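Now for the letters of each chain:
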Amino acid sequence: SDAPSAFAHQLMQARWYRHSGRLKEAYHLLDSLLPLRPKNDAYVGYLIQYQLAKTLLDLEVYDPARHAVQAAIREATAAGLQQEALSMNLLACEIDFGADNLEQAHRCYEATLAQARQVQDQPTIGSALIGMGNVFYIQEKDEEALQIYNEVLSLARRIDNPDLMMDALFNIGSVVAFTVS
């Protein structure tokens, strides 16, 4: 098969490794693909860096995950993929959250929320709000978390997004069920 097809196959293989829990194999394959990618193809660069950031987050290797997500944002922007760049901002927030850098995660979610509102990206608005609510929940600020989750529930109903509604309800249930007053 030709080189672009073989490269695409390896990229899909790395994605499959990540989704099947073979994180170290995914990381090594993605790392080996970075120097081989076409230098003028920002889209392929975005795909590799995105998978690399997700893999490193799953491995709980936060600093390299931050570098990969920033590279993914640059590549997505260069490729004209504004929605993907915005999604990578959410991933950057998740990395800060995973690393227990809650203040930075909160600031990141706020900034992403502002960007999503500016372009009226309702699902990303909902995801950023869920993230902010999660920060409040971990900080045991239950009232703030519930207020945000209820805002997400209202948004999910308004835009008829069942996945977002399920996320909001799950989080509301977690606060109510697992919070000791």
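Residues numbered from 1 in each chain as written. Predicted model: local features only at pLDDT ≥ 70, side-chain atom pairs only at ≥ 80, totals over all residues. Heavy atoms only, no water.

1. Here's the deal with the packing of helix H6 (residues 102-118) against helix H7 (residues 122-138)
Geometrically, a packed helix pair is captured by the angle between its two axes and the distance between the axes. Between H6 and H7, whose axes approach to 9 Å, the crossing angle comes to 160°. Classified by the angle their axes make, H6 and H7 are roughly antiparallel. H7 is crossed by H6, and the crossing has left-handed handedness. Here Leu-102, Ala-105, His-106, Tyr-109, Glu-110, Thr-112, Leu-113, Ala-116 and Arg-117 of H6 lie close against H7, whose contacting residues are Thr-124, Ile-125, Ala-128, Leu-129, Gly-131, Met-132, Val-135, Phe-136 and Ile-138. Partitioned by chemical class, the residues of the contact of H6 with H7 number 12 nonpolar, 4 polar and 2 charged. (Axes fitted to C-alpha atoms, helices over the stretch in contact; angles between N-to-C directions. Helix = DSSP H or I, 4+ residues; strand = E, 2+ residues; numbered from the N terminus. Parallel < 35°, antiparallel > 145°, perpendicular 65-115°, else oblique. Left-handed = near helix turned anticlockwise from the far one by under 90°. Contact = heavy atoms within 4.5 Å. Nonpolar A, V, L, I, M, F, W, Y, C, P; charged D, E, K, R; others polar.)

2. A word on unusual backbone geometry
Of note in this structure, Glu-60 is not a glycine but carries a positive phi near 60°. By the secondary structure assignment, Glu-60 is in the loop between helix H3 (42-58) and helix H4 (62-78). Residue classification places Glu-60 among the exposed residues on the basis of a relative accessible area of 56%. The phi dihedral of Asp-160 falls on the positive side, at around 55°, and the residue is not glycine. (Buried < 20%, exposed > 50% of the residue type's maximum accessible area, 1.4 Å probe, protein only.)

3. Quick notes on the packing of aromatic side chains
With the rule as written, the count across this model stands at 3 aromatic pairs. Both rings, one in Tyr-43 and one in Tyr-46, keep their centres 6.4 Å apart while their planes meet at 40°; by these two values the pair is tilted. Placement of the pair is Tyr-43 and Tyr-46 together in helix H3, with a separation of 3 residues, close to one helical turn. Accessibility expressed as a relative area gives 43% for Tyr-43, which makes it partly exposed. Taking the relative accessible area as the measure of exposure, Tyr-46 reaches 8% and is therefore buried. A centroid spacing of 6.0 Å and a plane angle of 20° characterise the contact between Tyr-46 and Tyr-50, whose relative ring orientation is stacked. With a gap of 4 residues between them, Tyr-46 and Tyr-50 both fall in helix H3, about one helical turn apart. With a relative accessible area of 23%, Tyr-50 lands in the partly exposed category. Feature note: the residues Tyr-43, Tyr-46 and Tyr-50 constitute an aromatic cluster, connected by ring pairs. (Phe/Tyr/Trp six-rings, centres within 6.5 Å; stacked < 30°, edge-to-face > 60°.)

4. What about the nonpolar core?
Formed by 56 residues in total, the largest nonpolar core has its most connected members in Ile-48, Val-69, Met-88, Leu-91, Ile-95, Tyr-109 and Leu-129. What Ile-48 contacts, discounting residues up to four positions off in sequence, is Phe-7, Leu-11, Leu-30, Leu-33, Leu-34 and Arg-37. (Core = buried A, V, L, I, M, F, W, Y, C linked by side-chain atoms within 4.5 Å.)

5. Notes on the confidence of the model for the protein chain
Taken as a whole, the protein chain shows an average pLDDT of 94; of its residues, 98% reach a score of 70 or greater. At the low end of the mean pLDDT range in the protein chain sits helix H1 (residues 3-19), at 91; at the high end sits H6, at 98. (pLDDT = per-residue confidence, 0-100.)

6. Digging into the state of the cysteines
Under the definition given, this model contains 1 disulfide. Put simply, Cys-93 and Cys-108 are joined by a disulfide, and their sulfur atoms are 2.2 Å apart. Taking the sign of the torsion about the S-S bond as the criterion, the disulfide between Cys-93 and Cys-108, at about -85°, is left-handed. Here Cys-93 is found in helix H5 (residues 82-98), whereas its partner Cys-108 is found in helix H6, with 15 residues between them in sequence. Since its relative accessible area comes to 13%, Cys-108 is described here as buried. (Disulfide = S-S within 2.5 Å.)

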